[in-house]
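# Structural features, examined
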Amino acid sequence: MEIHRTAIHCQTSGNTDVIDITPQVTEALRGSGIKEGVVFLFVAGSTAALTTIEYEQGVVNDLIRTIEKIAPQNISYQHNLRWGDGNGYSHVRASLLGPSLNIPVTNKKLLVGAWQQIVLLDFDNRPREREVVVQILGN
Amino acid sequence: MEIHRTAIHCQTSGNTDVIDITPQVTEALRGSGIKEGVVFLFVAGSTAALTTIEYEQGVVNDLIRTIEKIAPQNISYQHNLRWGDGNGYSHVRASLLGPSLNIPVTNKKLLVGAWQQIVLLDFDNRPREREVVVQILGN
Amino acid sequence: MEIHRTAIHCQTSGNTDVIDITPQVTEALRGSGIKEGVVFLFVAGSTAALTTIEYEQGVVNDLIRTIEKIAPQNISYQHNLRWGDGNGYSHVRASLLGPSLNIPVTNKKLLVGAWQQIVLLDFDNRPREREVVVQILGN
């Protein structure tokens, strides 16, 4: 049993940017040589999150609209009053979606659905350079 | 340290069907022979999710109603306009809830609460045959 | 490769109490001696959850307000009608947020963001003694 760690770096535009990182995760898996195991993903930072989605622009927009309804940008947030950085909504969204994910691997492939991509969501109110930690455990 | 992989197959009715898969996960754990470790769960597909809940019909209905409020079925979704399959709400719900979970194991038992069951949620708008990947890591 | 298990015990006040458990997770990591690996966290019970957040009172209050909007305490829940314990909203909130999390470890440190803390959320309607299971895998 081995564990490999690498990182995916993404330049985002912020503002609930939703980025398909499946190609980079697949590349990391190939680089590890692991055949059977689990991929663990984690995004460092308190205004970003990870999930899976069918990555087509229609659904991505539908998800963004729903998240905007749950934690609207243009209402008052105590975080903004205290820190003045205007991204209270970004923090709330990130906490609701969550920073971690695990994906099974078999026969050197990610066991995701045919229409299921892995996405990074950047909720911050400005462009950011993000790091997603990829750990691959297995044989 | 070993890792075992198996799968749970469920015939669902779709339409936010919530299915208790704790018995099947428990059975998979027994079959693995693992005493101490972690169970990793993942549902392949972009219209299903996993979580835990006290599996009694009252709370299950309460959860379904809340999810219906967050991402209603009968509003317009861009996904539906593009693909015509009418399940835009299913995709949004699945992305919000998330496809993966990990559960600790000690002394050959799942370390869940007494009233905490593991559930598969099928948000698609039709019956589906679902696969939940179960990986059991440990000794 | 080794796996270590320990538990964090928290006395909470319930009522969507949000508790920073990063110091205890860090202490558990130190105790394990693991240098490279993954920390798996799980809260047993169906009215609590785990996530990450910038732990300052403004954002914590913003998150609590958002969760209250998603699953309000003072509406009718079928769970309450059946069981009379008044915490239907607590169960719904816990299922939406989820009970598990994984955090990468490198060079004996949690790879979280500078302003990203690990939190336990207790949604129950009364004080509780909670156990968060901590499993540390690695070398």
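Our subject is the structure listed above.
Residues numbered from 1 in each chain as written. Chains lettered and ligands numbered in written order. Predicted model: local features only at pLDDT ≥ 70, side-chain atom pairs only at ≥ 80, totals over all residues.

### As for the interface of chain B and chain A
For the record, the criterion: Any residue pair is listed as a contact if its two C-beta atoms, each placed from the backbone, are within 7 Å. What counts as a helix is a DSSP run of H or I of at least four residues, what counts as a strand is a run of E of at least two, and both are numbered from the N terminus. Here the term charged refers only to Asp, Glu, Lys and Arg, the term nonpolar to Ala, Val, Leu, Ile, Met, Phe, Trp, Tyr, Cys and Pro, and the term polar to all other amino acids, Gly among them.
Each side of the interface is counted separately: chain B has 26 residues, and chain A has 28 residues. Broken down by secondary-structure element, the contributors of at least two residues to the side of chain B that touches chain A are strand E1 (2–12), strand E3 (37–43), helix H3 (78–83), helix H4 (88–97), strand E5 (100–106) and strand E8 (128–138) of chain B. Here the side of chain B that touches chain A takes 5 residues from H3 of chain B, the largest share from any one element. Taken together, the residues that form the side of chain B that touches chain A break down as 13 nonpolar, 11 polar and 2 charged.

### Side note on the pairing of strand E3 (residues 37–43) of chain A
Residues and elements named next belong to chain A. Rules: Partly exposed residues are those falling between the two cut-offs: more than 12 but fewer than 20 other C-beta atoms within 10 Å of their own, whereas 20 or more means buried and 12 or fewer means exposed, with C-beta atoms placed from the backbone. Strand pairing is assigned whenever DSSP identifies at least 2 bridges connecting the two strands.
Judged by how many residues are buried, E3 sits mostly within the fold: 7 of 7 residues are covered. Pairing analysis gives 6 bridges linking E3 to strand E5 (residues 100–106), with the strands arranged antiparallel. Note that in E5 the partner of Phe-40 across the bridge is Asn-102. Sheet analysis places E3 next to strand E8 (residues 129–138), joined by 7 bridges and oriented antiparallel. Counted as the bridge partner of Val-38 is Leu-137 from E8.

### Notes on the relation of the copies chain B and chain A
Convention followed: Superposing copies: least-squares fit, C-alpha atoms only, residues required to have pLDDT of at least 70 in both.
Laying chain B over chain A is done by rotating through 120° and shifting 0.0 Å along the axis; what remains is an RMSD of 0.0 Å. The relationship between the two copies is best expressed as a three-fold rotation axis. A share of only 15% of the interface residues of chain B reappears at the interface of chain A, consistent with the copies meeting through non-equivalent patches.

### A closer look at the interface of chain C and chain B
On the side of chain B, 28 residues touch chain C, which itself brings 26 residues to the contact. Where the side of chain C that touches chain B is concerned, the elements lending two or more residues are strand E1 (2–11), strand E3 (37–43), helix H3 (78–83), helix H4 (88–97), strand E5 (100–106) and strand E8 (129–138) of chain C. The dominant element in the side of chain C that touches chain B, judged by the number of residues it contributes, is H3 of chain C, at 5 residues. Across the side of chain C that touches chain B, the residue classes break down as 13 nonpolar, 11 polar and 2 charged.

### A word on the relation of the copies chain C and chain B
Relating one copy of the chain to the other requires a rotation about an axis plus a shift along that axis. Superposition of chain C onto chain B requires a rotation of 120° combined with a translation of 0.0 Å along the rotation axis, giving an RMSD of 0.0 Å. With a heterologous cut-off of 20% or less, the 15% of interface residues of chain C that recur at the interface of chain B puts this contact in the heterologous class.

### Remarks on the sheet that holds E3 of chain B
Residue and element names in this part refer to chain B. One open sheet accounts for 5 strands, arranged E1-E8-E3-E5-E6; its pairing is antiparallel. Edge positions in the sheet fall to E1 and strand E6 (109–110), since each of these pairs with one other strand and no more. As defined by bridge partners, E5 adjoins E6 across 2 bridges and the pair is classed as antiparallel. Along E6, the bridge assignment pairs Thr-106 with Lys-109.

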